[in-house]
Amino acid sequence: MELLEKRILNDGIVKEGNILKVDSFLNHQIDIGLMNEIGKELKRLFADKHVTKILTIEASGIAIASIAAQYFNVPVVFAKKAKSQNLDGELYTSDVKSFTYGKQYTITVSKKFITEDDKLLIIDDFLAVGNAMKGLIDVANQAGASVEGIAIMIEKGFQEGGKYLRDNGFNLQSLAIVDSMDNGQIIFRKQ
């Protein structure tokens, strides 16, 4: 998506350790106009899918999932990274290691929010090694729900997450794929 790529080039910051900082518009401060355009693009990309719910992970995925959900007219379910006291009943859980934070956590989703009848679109802001996606897919599998597609705002194409998902037959649509960030220069994959 050219609009997103331009914004990454203009406002993204490459940090040591292959970290791309986009907190000025995507995952700390949020540009709602940009998010609306992304929501429209996701609806276009997955128009042939009968999505019943959008699944994401807290916290950065919630904003884009919520805006995209307006175009699909479906609810958003988000996996929590910590078990809180207000989670009651039976839960789906999966262990996930965060690339960005370098720590392991257990994600949880209440069983009452995802069922075998659901057709899920999984959305997140970044895809690096794919651990968050594997955890969300695990939750979907536990529920017996189908994963109709995976939407990623920024994929780090030089890491293995995207290859793993595509090789395993998932309909992965990444709006911007960064092939390299060498010497602070961002190079996008031609799509």
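Refer to the preceding data block for the structure.
Residues numbered from 1 in each chain as written. Predicted model: local features only at pLDDT ≥ 70, side-chain atom pairs only at ≥ 80, totals over all residues. Heavy atoms only, no water.

A. The arrangement of the overall build of the protein chain in detail. On a plain count of helices and strands, the protein chain comes out with five helices and ten strands. A compact globule built from 191 residues would reach a C-alpha radius of gyration of about 16 Å, and the protein chain, at 16 Å, matches this within 12%. C-alpha extents for the protein chain along the principal axes are approximately 50 × 35 × 35 Å. Among the 191 residues that make up the protein chain, the fraction classed as buried is 46%. Taking the contacts inside the protein chain whose residues are at least 6 apart along the sequence as the reference set, 59% of them involve residues at least 24 apart. When the accessible area of the protein chain is evaluated, it comes to approximately 9600 Å², of which 45% is carbon and sulfur surface. (Helix = DSSP H or I, 4+ residues; strand = E, 2+ residues; numbered from the N terminus. Rg over C-alpha atoms; globule rule 2.2 N^0.38 Å. Buried < 20%, exposed > 50% of the residue type's maximum accessible area, 1.4 Å probe, protein only. Contact = heavy atoms within 4.5 Å. Areas by Shrake-Rupley, 256 points an atom, 1.4 Å probe, with all protein chains shown as cover.)

B. Seen up close, the pattern of salt bridges. Enumeration according to the criterion identifies eleven salt bridges in this entry. Here Arg44 makes a salt bridge to Glu41, at a shortest N to O gap of 2.7 Å. Of this pair, Arg44 and Glu41 are both found in helix α2 (residues 32-45), three residues apart, which corresponds to roughly one turn of the helix. When its relative accessible area of 54% is taken as the criterion, Arg44 is described as exposed. The closest approach of N and O atoms between Glu90 and Lys111, which form a salt bridge, is 3.3 Å. Here Lys111 lies in the loop between β6 (104-110) and β7 (119-127) and Glu90 lies in the loop between β4 (76-79) and β5 (91-97), a separation of 21 residues in the sequence. Classification of Glu90 by relative accessible area gives exposed; the value is 56%. Where salt bridges share partners, they join Arg7, Asp11 and Asp31 into one cluster. (Salt bridge = Lys/Arg side-chain N within 4 Å of Asp/Glu carboxyl O.)

C. Structural view of the packing of aromatic side chains. Following the criterion strictly, the structure yields zero aromatic pairs and no others. Here Lys134 stacks its cationic end above the ring of Tyr164, 4.3 Å away from the centre of that ring. (Phe/Tyr/Trp six-rings, centres within 6.5 Å; stacked < 30°, edge-to-face > 60°. Lys NZ or Arg CZ within 6 Å of the ring centre and 35° of its normal.)

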